[in-house]
Each structure stands twice: as C-alpha cells, then as structure tokens.
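# Structural description and commentary
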Amino acid sequence: MYAPSSMPDYTISKGAQAPSQKLKLDWVYGYRGRDCRSNLHLLPTGEVIYFIAAVVVMYNVEEEMQRFYLGHTDDVKCIAIHPDKVTIATGQVAGHDRKSDAKPHVRIWDSISLTTLRIIGIGEFERAVCCISFSKADGGSHLVAVDEANDHVLSVWEWNKGEKGTKLTETKSATEPVLAAEFHPMDHKQIISCGKSHISFWTIEDNRLTKKSGVFEKHDKPKYVTCLAFADNGDVISGDSNGNIFVWGKGNTRIHYAVPSAHEGPIFGLYVMKDGTLLSGGGKDRKLLAWDRRYIQKTDVEKELPEGTGPVRTITQGKDNQILIGTTKNAILQGSLTSDFYSIVQAHTDELWGLAVHPASRQFLTCSYDRHIILWDSSSHTQVWTKTIDDGCQSAGFHPSGTVIAIGTVTGRWLAIDAASRDLVTVHTDGNEQHDCMEYSPDGHYLAVGSHDNYIYVYAVSENGYKYNKVGRCNGHSSYITHLDWSADSQYIQSNSGDYEILFWSASTCRQVTSASSMRDIEWSSQHCTLGFSVCGIWQEGADGTDVNAVCRSHDKTVAVSGDDFGKVNLFKYPCCQPKSHSNSYSGHSSHVTCVRFLKDDSRLISTGGKDMSIMQWRLSS
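## A few points about empty space enclosed by the protein
A complete count under the given rule lists one cavity of 30 Å³ or more for this structure. Here the largest cavity is characterised by a volume of approximately 80 Å³. Around the largest cavity, the lining comprises 14 residues; the ones closest to its centre are Thr-73, His-96, Asp-97, Phe-566 and Lys-568. Split into classes, the residues belonging to the lining of the largest cavity amount to three nonpolar, nine polar and two charged.

## Brief notes about the state of the cysteines
Under the defined criterion, the tally for this structure stands at zero disulfides. No disulfide involves Cys-36; its sulfur sits 8.0 Å from that of Cys-78, the nearest cysteine. Since its relative accessible area comes to 2%, Cys-36 is described here as buried. As a non-bridged cysteine, Cys-474 has Cys-510 as the owner of its nearest cysteine sulfur, 4.2 Å distant. The exposure class of Cys-474 is buried, given its relative accessible area of 1%.

## Description of unusual backbone geometry
That bond from Tyr-574 to Pro-575 is cis: its omega, -5°, falls within 30 degrees of zero. Structurally, Pro-575 is set in the loop between strand 48 (569–573) and strand 49 (584–586).

## Section: the sheet that holds strand 4 (residues 55–60)
Two modes of strand pairing occur in sheets, parallel and antiparallel, and in both the strands are linked by backbone hydrogen bonds. An order of 2-3-4-5 is seen for the four strands of this open sheet, with the pairing classed as antiparallel. Of all the strands in the sheet, the pair left with one neighbour each is strand 2 (41–42) and strand 5 (65–69).

## Overview of the nonpolar core
With 44 residues, the main nonpolar core has Leu-23, Val-28, Tyr-50, Phe-364, Val-561, Leu-605 and Trp-618 as its most contacted residues. If one sorts the elements of this core by residue count, strand 1 (residues 22–29) sits on top with five residues. The next biggest cluster of nonpolar side chains, apart from the first, holds 15 residues, and it includes Ala-356, Ile-373, Phe-398 and Ile-405.

## Examining the pattern of salt bridges
All chains considered together, the criterion is met by 21 salt bridges. A salt bridge links Asp-26 to Arg-619; the nearest nitrogen and oxygen atoms lie 3.1 Å apart. Pair noted here: Asp-26 is in strand 1 and Arg-619 is in strand 52 (residues 615–621), with a separation of 593 residues, a long-range link. According to the relative accessible area criterion, Asp-26 is buried, its value standing at 13%. Ionic contacts of the salt-bridge type, sharing partners, join the residues Asp-26, Arg-604 and Arg-619 into one network.

## Some details on the sheet that holds strand 19 (residues 236–240)
Spatially, 18-19-20-21 is the arrangement adopted by the four strands of the open sheet, whose pairing is antiparallel. One side of each edge strand has no neighbouring strand; the edge strands of this open sheet are strand 18 (225–230) and strand 21 (255–259). Across the sheet, the axes of successive neighbouring strands diverge by a mean angle of 25°, strand direction being ignored. As paired elements, strand 20 (residues 245–248) and strand 21 share four bridges and run antiparallel to each other. Residue Phe-246 lies in a different strand from strand 21, and its bridge partner there is Ala-258.

Criteria and thresholds
- Sequence order as written defines residue numbering, which begins from 1 separately in each chain.
- Confidence filtering applies because this is a predicted model: local features only for residues at pLDDT of at least 70, side-chain atom pairs given and counted only at 80 or more, and all residues used for totals across whole chains, interfaces and linings.
- Processing note: side-chain calculations cover all non-hydrogen atoms of the structure and skip hydrogens and water entirely.
- As defined here, a cavity is a set of points on a 1 Å grid over the protein atoms alone where a 1.4 Å probe fits but cannot get out. A pocket is an open set with protein on both sides within 12 Å along at least five of seven lines, and residues line them when an atom is within 4 Å of a point.
- Grid points are joined across faces, edges and corners, and a volume is the space filled by probe spheres set on the points.
- Residue type decides the class: Asp, Glu, Lys and Arg count as charged, Ala, Val, Leu, Ile, Met, Phe, Trp, Tyr, Cys and Pro as nonpolar, and the leftover types, Gly among them, as polar.
- Counting rule for disulfides: a pair of cysteine sulfur atoms within 2.5 Å.
- Buried residues are those whose accessible area, probed at 1.4 Å on protein chains only, stays under 20% of the maximum for their type, while exposed residues exceed 50% and partly exposed ones sit between those limits.
- Working definition: helices are DSSP H or I runs of at least four residues, strands are E runs of at least two. Numbering for both runs from the N terminus.
- Strands are treated as partners if at least two bridges between them are detected by DSSP.
- Each nonpolar core is a collection of buried residues, namely Ala, Val, Leu, Ile, Met, Phe, Trp, Tyr and Cys, held together in the definition by side-chain atoms within 4.5 Å.
- Salt bridges are defined by distance alone: a side-chain nitrogen of Lys or Arg within 4 Å of a carboxyl oxygen of Asp or Glu.
- Here, axes are lines fitted to C-alpha atoms. For helices the fit covers the stretch in contact, and angles between N-to-C directions go from 0 to 180 degrees.

As far as function goes, none of this settles anything; it's purely spatial.
In structure tokens:
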C-alpha cells in the first residue's frame, strides 16, 4: 500500500480519534417469525412489539414511528409482557463477545422509558433462553424461563427481588425441545410447558417443581405440541403438529374435549380473543379459523392468508377488533375477521448480502438468497416493489442513471432489470459461481462483475444501461473477488480478494496495472474495498482478514463505516489510515453485517445482516 503523495509526513504511530458524527438507529425492516413463537404483542401505547436480530422493536403503525430497545448483545429469542403491560422480559442467545453480558440471559425493562430494570440469569443459562413468561394471577412477580440446551432446564424466578432477581427453583424439563412455557393465568403456582412429544403440567410447592405429563389416551400422540392458549374458564388449549386442538380441563392432565384435524397440517398459533372466540392459525394451510366457546367452528369466518407472506406463526389481538399475525415468512399482517389482511412488516426470509443505493433518490435495493429483490423507499420505510427471480441473489449495483439495476446471483448468472418496470433487460452467465460484487463505472459505460471464480468480468455498457458487450475478464487474483471500486475517471478498477490481495486493472483492456505505486494518487469514486491505504485503520488489533465484511465512505468523504463479523456497525473518520483507529461502534445486528452503504445525500446509512436477515437504517448526525 502506498500513501498518496499529498501525505508526505505520514507516520504509522499517530492514533486517530473517533469522529464527532454519530449514528442513531432510525428504522428496522423485518421480523423474526421463521423460528420464534409468541413474539408479537400490542402495547397500551398502540405500539406493536416484536423483535429481529438483537433489537426489540416497538412500532406505532398509525404514526409511522419506531422505538427500539437495544440492550441485547445477540439474537433475541423470546419475549413476555408483564400483566402491567409496561414491563417487558426478553431472552437472548449466547453472544459473540467474551464479556459476561454475552452469555444467554433475560433482560427485564420498561417499555416507556426503555431503561433496563434487571438482568437475570447470566451464567445460569447454557445455550439460549427459548421461552419466558410472567405469572398473571399474583400480579406478575414471578418469571419462568426455559434454556434451549439439551436438558431444557426450566427455572422460576422472583424477578424483582434483589439486584439480579432470585431463582426460586429449577429442574430438567424434557429431553426434547420445549416450544412454549406459560404460567396459568388463574393459578400462579401452575406452569404448562409443551414441545416435542409432550405437554407437561407443573406445580410449584415450597419452591419445588413437580411435573405431571399430559395423557393423550385414545388420541394419537402428536410429534409436537406446538402452542398453548387459555380459555376464560381456566381450561388449557393446545395445538399440535397433527392439526388437532385439544382442551385440557383446568387442574387436569387429561383431554376433556378434542377437535381432531382442525387444520390440515400443524397449528402454529392459538389465541383467545376478549369475547372468548378462539382463533387458530395453520402452519401449512395458511388458514385462520375461529371457534366459539364450545369449540364449534364459526363457519362464516375462514381466512386464507396470501402465499407470499407465508403461514401463521403467532396470533394476537390488535387495536379494537383488529388481529395481528406473525408469519413463518417473517411478515406481520394486520386485519380482522371481517376484512382482509395486509402486511405491515415484511422483508427477507433467507441470508442477505445484496445492497445497492439509488444514485439520485432516497431509495435503496436489497436482494437475498430467498430469490427476492426489493426496492425500498427510505423516507416512507415501504417497499416500492418486489420481484422474485429463479436464483438466490448475492450482490447488486445501480447504473449511474438510476434506470437499471444489475443483480449478481449465486449460480454464475447475472441480470439487469429496469428499475421502474422491473422488466428483465438482459441475462448473462459468467462462470458457475456466485458474483460477489456488481459495480458500474461512474460514467455508466462499464460494468465490473467480481466473481467467486477469481475473475472480474468487464462489460461495455451503452444505451443508458440497456445494452451490454463483454470487454474481457481480469485474470490475476488467486482467490475469489470480495470487493471492487472504480476510479473517478472510469479508467481503472481496484479489487480485493479472499487471500487479501489489492490489485489494480485498466478497465478498457482488462490488464493488470502491476505498479501499485503508480496508482497512489488515483481518485476513487467509492471506497468499498476493505483493504487499502485509506481504510487500513478500520482493522483492529488481532483482526483476522475476514472480520470486516464491508466498508463504505460517505459521499462528502468525511467518514467511513465498516460492518463486521460481530454484528457491529463502526463509524470512523475518513481517511482512516492510522492503524487501530478509534470508532463509534453500534449494535443491533446479531449476525455478520454483510453490507453497509450511505444514501446519496449521506443522511442515512443502510446496513444488512447476513443470517439475521434484517435491514437497519441509521441516521447520521454531527
């Protein structure tokens, strides 16, 4: 790496301070419904509360406002609402850091002030807290939590006693996965848990737990008891993987009423409405059914949810007669028994890497392994359009005109689509591996496709992004291409690879520029390469070369942001050329941050989380 000749007095020893600018979380796109249950509730403030990644979101749909609880250090897995409707408990998985708060634990916090009241169970849970519930009958002084580890330890806490709560008792609950654990709403000494091949009725006596297993008798034992609800007379209602609804008499471990095959396929959600109507949601048939107090189906009510948003994961009562549904395809729907359901939250359903920002407006585009391409409006926080293609998507880039978008897939195909009509402009195949970066030159006359097969394919672009002719391929890297940038004059490309090389290329000939010193004063139109003189300070001590996945400098060239493997978004001064520079660091993602990009006006930063599938929008303030 060579310092530009404008920096003759560069010294390696000078440490760089963090910038004065700050990032503040502005909006979170997405919801975790694919593998979490009972994680959607309505607060008295009118806000819908749910979680994705390490963020608990409180979303006021009418006012288009979001607030966030950001106390967690990794994936939130479960949530419980206290009977006072203000206090919230959330449980998380084991985190990335070695710090104590990276161990699995429960955080209890105030949903109005967002202050943390208690942190419970650090060192007590092994893998993750997968179920939690407050007691109801005694005003909510107790909390039950289940560990996801092999013994599925069920513990009961007096959460507001002592600085870290007081554990009253614990026991191994089951050898199989536990999917739900709830205090009985009329009896603070009874807990019901269910999961693979079991439903268990627990009694707390003298701080000891005793278990009675539910008996299925003449009914087929389901592979999973998937969800629980409570009738207003105290009966326990269960839904299972065979589509049955079983009613267990209060204080009884036997089925006293059965609705066999209420759904085709499993029942994932049960909810008793204020008027006593039982709602059941199908995890395969996508149906929402209603049952009266005698468990006779209300035949005039049968809703089938749209295929695009997926089957039911959880059901809860919304405002007035509204119903909120979380789905297994990470969507939140709102509607009622007499009206249609529409989505209020929807994003990606598989690992997310592709991100591109519009060159002129406040729009941005994401694409994922789920084969969905989504154009977003960052001002209204809504989807402008969505398109599904045949292959999983890896990368994206806007033509400088904003009229065409190039999408790199995981199969070696890449395509260009019209940004307004979504129509296909062209499809090309280069190699048979994923394309990790798609970058148009600033003048719009070239497209560079960085591939996992170690080559950069260069195309000449004409007719404003609608015509493509292959110029050639850049051959010289000995590992896959990770990032690339164009020079401001569209003549040169700089590229990084999986073995940490920095190479330079002449775009028109696809030939390598072997003299790196001759490139020291080239002005680059972007800074997406994570390796380079102007960003060498983003690498922290002991960092492995794969720890930083993405970098982006602001258009005014005052700050740069990196996204790393530890779920952090880090804001640095730019240029960041002092080793181990200080940064302002922000949590929210729970998985590796796969891409970061500033919007054209630098007012917002967009970050994408790989396996957490979330998109986070940050406000940049000075």
